[in-house]
Amino acid sequence: MSSQLIKFANEDFYAYPNSALYWKRLNIIIVADLHLGKSISFAKQKQFLPPYDTKETLAKLFKCINEFEPSKLIIVGDLLHDMFSVNSFQEKDHQDFNKYSKNTQFIWVKGNHDYDIEINGFTKVLNYKVEEIIFNHIPIKSTNFQICGHYHPKAKISHRGKSIYTSSFVHNDKLLILPSFGTLTGGLNINQEPLRDLLGKSIKLFPVGNRKVYKL
């Protein structure tokens, strides 16, 4: 996979078109908002979606772990969509989690969707700090650098009279927000509130394409 360099918090990160962020110096992968089992949750509300989101998202996640063999995987919130989402896990999924967690430490930051849910083998925390960077789901008031999820940022890209919205990495001087990693997630326009107010006008934007991450 091709990558795009993102300079943030005096560090070099690499953004990938699968929506993962790689901190090469420490060999850490960061992802946000998998929302596993969202189709099951919607089915309970009689909104029927193809029930393959957990399988597809986990396949993408495990492929990423196989490629990088990271020391840590930090999930900055909403690994699961809700309390029913665990029911979307197959026995093989649990086996895969156990296999990969032997060599990679899984850090699961609490999100607003999965705050009270637990899975064996995961270290679950309210926030997680590595050196000068705080990893949390929703940004907090802090003088530290923060890497977060929650907002599923999307940007409007216009070309030759046509426009599309695409998932994007976006950051200002102190805050870096990741796009959602899950295959069944929506997004919020970076020019809409609360993202516009949260990020301010001085931002750097990295839209995610099928094969590469761009820099605007």
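Up top is the structure these notes are about.
I will try to describe carefully the structure that is included in this document. (Residues numbered from 1 in each chain as written. Predicted model: local features only at pLDDT ≥ 70, side-chain atom pairs only at ≥ 80, totals over all residues. Heavy atoms only, no water.)

## Focus: the nonpolar core
Then comes step 1: Membership of the largest hydrophobic core comes to 27 residues, with the highest contact counts inside it found for Phe13, Leu21, Ile30, Ile74, Phe135, Ile147 and Phe169.
Then comes step 2: Only strand E1 (4-8), strand E2 (11-15), strand E3 (21-23), strand E4 (28-31), strand E6 (105-109), strand E8 (128-130), strand E9 (133-135) and strand E10 (145-148) provide two or more residues apiece to this core.
Then comes step 3: Listed in part, the 26 residues of the second largest apolar core include Tyr16, Leu61, Leu79 and Phe89. (Core = buried A, V, L, I, M, F, W, Y, C linked by side-chain atoms within 4.5 Å. Buried < 20%, exposed > 50% of the residue type's maximum accessible area, 1.4 Å probe, protein only. Helix = DSSP H or I, 4+ residues; strand = E, 2+ residues; numbered from the N terminus.)

## Section: helix H2 (residues 53-68)
Then comes step 1: In this model, H2 (16 residues) spans 23 Å end to end at C-alpha, consistent with the 22 Å of a helix rising 1.5 Å per residue.
Then comes step 2: Buried within H2 are the following residues: Asp53, Thr54, Thr57, Leu58, Leu61, Phe62, Cys64, Ile65 and Phe68. Burial along H2 is one-sided: seen end-on, the buried residues are contained in an arc of 150 degrees. Facing away from the buried side of H2 by over 90 degrees, the exposed positions are Lys55 and Lys63. (Expected span 1.5 Å × (residues − 1). Arc of directions from axis to C-beta.)

## Here's the deal with the state of the cysteines
Then comes step 1: All chains considered together, the criterion is met by zero disulfides.
Then comes step 2: The cysteine Cys64 is free of any disulfide, with Cys148 supplying the nearest cysteine sulfur at 19 Å. (Disulfide = S-S within 2.5 Å.)

## Re the packing of H2 against helix H3 (residues 91-100)
Then comes step 1: Contact geometry for H2 and H3: axes closest at 12 Å, N-to-C directions at 20 degrees. With respect to their mutual orientation, H2 and H3 come out roughly parallel. Judged by the sense of rotation from one axis to the other, the crossing of H2 with H3 is left-handed. On H3, the residues touching Thr54, Leu58, Phe62, Ile65 and Asn66 of H2 are Asp93, Asp96, Phe97 and Tyr100.
Then comes step 2: Across the contact of H2 with H3, the residue classes tally to five nonpolar, two polar and two charged. (Axes fitted to C-alpha atoms, helices over the stretch in contact; angles between N-to-C directions. Parallel < 35°, antiparallel > 145°, perpendicular 65-115°, else oblique. Left-handed = near helix turned anticlockwise from the far one by under 90°. Contact = heavy atoms within 4.5 Å. Nonpolar A, V, L, I, M, F, W, Y, C, P; charged D, E, K, R; others polar.)

## Some words on the side chain of Thr166
Then comes step 1: For Thr166, the position within the fold is in strand E12 (residues 162-171).
Then comes step 2: Among the residues examined, Thr166 registers a relative accessible area of 13% and is labelled buried.
Then comes step 3: Of the polar contacts made by the side chain of Thr166, one reaches the backbone oxygen of Val208; its length is 2.6 Å.
Then comes step 4: Excluding its chain neighbours within four sequence positions, the residues that come into contact with Thr166 are Pro153, Lys154, Ala155, Ile157, Pro207 and Val208. (Polar contact = N/O pair within 3.5 Å; in protein donor to acceptor, adjacent residues only side chain to side chain.)

## Re the pattern of salt bridges
Then comes step 1: All chains considered together, the criterion is met by five salt bridges.
Then comes step 2: The shortest N-O distance in the salt bridge between Lys92 and Asp96 comes to 2.9 Å. Taken as a pair, Lys92 and Asp96 lie in helix H3 at a separation of four residues, close to a single helical turn.
Then comes step 3: Here the salt bridges do not stand alone but share partners, grouping Glu11, Arg25 and Glu131 into one network. (Salt bridge = Lys/Arg side-chain N within 4 Å of Asp/Glu carboxyl O.)

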